[in-house]
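# Results of the structural survey
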Amino acid sequence: MILNIPELLKPSQITQARELLEKAEWIDGKLSAGAQAAQVKNNQEIAKNHSAAQQISQMITAALAANKLFAMAALPSKISPPSFNRYESRQTYGPHIDNAIRPLPGGGLIRGDISATLFLSNPEDYDGGELTVEDTFGTHQIKLPSGHMVIYPASSLHQVKPVTRGVRLASFFWIQSLIRNDGQRTLLFDLELATQGIRQKDPQHPSIMSLVGVYNNLLRQWSEI
Ligand code: NI
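Criteria and thresholds
Residues numbered from 1 in each chain as written. Predicted model: local features only at pLDDT ≥ 70, side-chain atom pairs only at ≥ 80, totals over all residues. Heavy atoms only, no water. Helix = DSSP H or I, 4+ residues; strand = E, 2+ residues; numbered from the N terminus. Rg over C-alpha atoms; globule rule 2.2 N^0.38 Å. Buried < 20%, exposed > 50% of the residue type's maximum accessible area, 1.4 Å probe, protein only. Contact = heavy atoms within 4.5 Å. Areas by Shrake-Rupley, 256 points an atom, 1.4 Å probe, with all protein chains shown as cover. Lys, Arg positive; Asp, Glu negative; His and termini not counted. Charge placed at Lys NZ, Arg CZ, Asp CG, Glu CD. Donors = N, O, S within 2.8 Å, 3.2 Å for Na, K, Ca; no water. Domains from an automatic or database assignment. Buried area = accessible area lost by both parts, 1.4 Å probe. Salt bridge = Lys/Arg side-chain N within 4 Å of Asp/Glu carboxyl O. Polar contact = N/O pair within 3.5 Å; in protein donor to acceptor, adjacent residues only side chain to side chain. Nonpolar A, V, L, I, M, F, W, Y, C, P; charged D, E, K, R; others polar. Pairing = 2+ DSSP bridges.

## Some details on the overall build of the chain
- Scanning the chain from terminus to terminus reveals six helices and 17 strands.
- In terms of C-alpha radius of gyration, the chain reaches 18 Å, essentially the compact-globule figure of 17 Å for 225 residues.
- Its C-alpha atoms give the chain principal-axis dimensions of roughly 60 × 40 × 35 Å.
- Taken over 225 residues, the chain has a buried fraction of 45%.
- Look at the contacts in the chain between residues 6 or more apart in sequence, and 79% of them connect residues 24 or more apart.
- A total of about 11,600 Å² of accessible surface is found on the chain, and carbon and sulfur atoms cover 55% of it.
- When the 21 positive and 20 negative side-chain charges of the chain are each reduced to one mean point, those points stand 3 Å apart.

If you want it as structure tokens, here you go:
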């Protein structure tokens, strides 16, 4: 499932994030790429221990914790600390699939089930730079307003098209989900949305209890903690 999570950050938070990122020191993005991805990666990133990165990371982590749509769609068990990238002057990240397993800063590992991109630049401030994600329905070109985030299966082949004008700033990170399988996760999301739809029309509807029961029993069968 490819899903837009609108308005994850408030306009004041986006302004603050951009101000911090504009002052930050950027390094070659190849340094954080695996051998295959490094061949197609041409962008800039902020070192993980940079104070600006840590400050905005905390802001994003708090916004994710408060976002109900994200919780419903991703069913997160672990989230990697948000990282940041910058593309300008025809910089691009060619087709690749993200690494499956990554170390977490405090120790331990995270399996990337879901990839997330949070757009921090206004779409009118740059040309190109679409996030392109392939799935069974074809190719999706994604370029969202600043503060909006897209989540997509980390197993997808994806790329960032060359930025031909202006600067594209974004945050990216990975989610390990309680539900590893994208198809199962999508079914649970659809079931939850359908149940909410009935609840809004008729909070006393007798089917709500059985739908909530089915949701929880599927979650019990499929989840990994
Ligand atoms: Ni990627």
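## Description of the coordination of the nickel ion
- Ligation of the nickel ion by protein atoms is provided by His96 (NE2), Asp98 (OD) and His158 (NE2), these donors lying 2.1 to 2.2 Å from the ion.
- Donor residues for the nickel ion, ordered by position in the chain, follow H-x1-D-x59-H. Note that aspartate 98 is positioned in the loop between strand 7 (92-96) and strand 8 (101-103) and histidine 158 in strand 15 (residues 158-160), a separation of 60 residues in sequence.
- Given the relative accessible area of 14%, aspartate 98 is considered buried.

## Details of the domain arrangement of the chain
- Each domain of the chain was delimited in the assignment, giving domain 1 (3-177) and domain 2 (182-222).
- With 10 residues of domain 1 at the interface, the matching set in domain 2 holds nine residues.
- Overall, the association of domain 1 and domain 2 removes approximately 690 Å² of surface from exposure, summing both partners, and the carbon and sulfur fraction of that is 74%.
- At the junction of domain 1 and domain 2, the tally comes to zero salt bridges.
- Taken together, the links from domain 1 to domain 2 amount to one residue pair in polar contact (both at pLDDT 80 or more).
- Residue classes in the side of domain 1 that touches domain 2 are distributed as eight nonpolar, one polar and one charged.

## Examining the environment of alanine 53
- Mapped onto the secondary structure, alanine 53 falls in helix 3 (residues 51-66).
- For the pair formed by alanine 53 and threonine 92, sequence separation is 39 residues and the distance between their alpha carbons is 21 Å.
- Apart from the residues within four sequence positions on either side, alanine 53 is in contact with Ile46, Ala47, Lys48 and Phe84.

## Quick word on the side chain of threonine 132
- Considering the arrangement of structural elements, one finds threonine 132 in strand 12 (residues 131-135).
- Engagement of the side chain of threonine 132 in a polar contact is seen with the side chain of glutamine 141, the distance being 3.3 Å.
- Beyond its immediate chain neighbours, meaning those up to four positions away, threonine 132 contacts Thr139, His140, Gln141, Leu157, His158, Gln159 and Lys161.

## Quick look at unusual backbone geometry
- Here the phi dihedral of glutamate 7 falls at roughly 45 degrees; this positive angle occurs in a residue that is not glycine.
- Structurally, glutamate 7 can be placed in the loop between strand 1 (3-5) and helix 1 (11-23).
- Of note in the backbone geometry, arginine 90 takes a positive phi value of approximately 65 degrees without being a glycine.
- Looking at the element boundaries, arginine 90 is found in the loop between strand 6 (83-87) and strand 7.

## Considerations on the pattern of salt bridges
- The final tally for this structure, using the stated rule, is seven salt bridges.
- Of the charged contacts, one joins glutamate 88 and arginine 86 as a salt bridge, the two residues approaching to 2.7 Å between their closest N and O atoms.
- Owing to a relative accessible area of 26%, glutamate 88 belongs among the partly exposed residues under this scheme.
- Residue class for arginine 86 comes out buried when judged on its relative accessible area of 18%.
- A salt bridge links arginine 165 to aspartate 127; the shortest N-O distance between them is 2.9 Å. Residue arginine 165 is located in strand 16 (residues 163-166), and its partner aspartate 127 is located in strand 11 (residues 126-128); the two are separated by 38 residues in the primary sequence.
- Three or more residues are tied together by salt bridges with common partners; here these are Arg111, Asp113, Arg180 and Glu224.

## So, the sheet that holds strand 7
- The five strands are arranged 3-7-15-12-13 in an open sheet whose pairing can be described as antiparallel. The open sheet has two edge strands with one neighbour each: strand 3 (41-42) and strand 13 (138-142).
- Two elements, strand 7 and strand 15, share two bridges in a ladder whose sense is antiparallel. Residue pairing in the sheet places tyrosine 93 in a bridge with valine 160 of strand 15.

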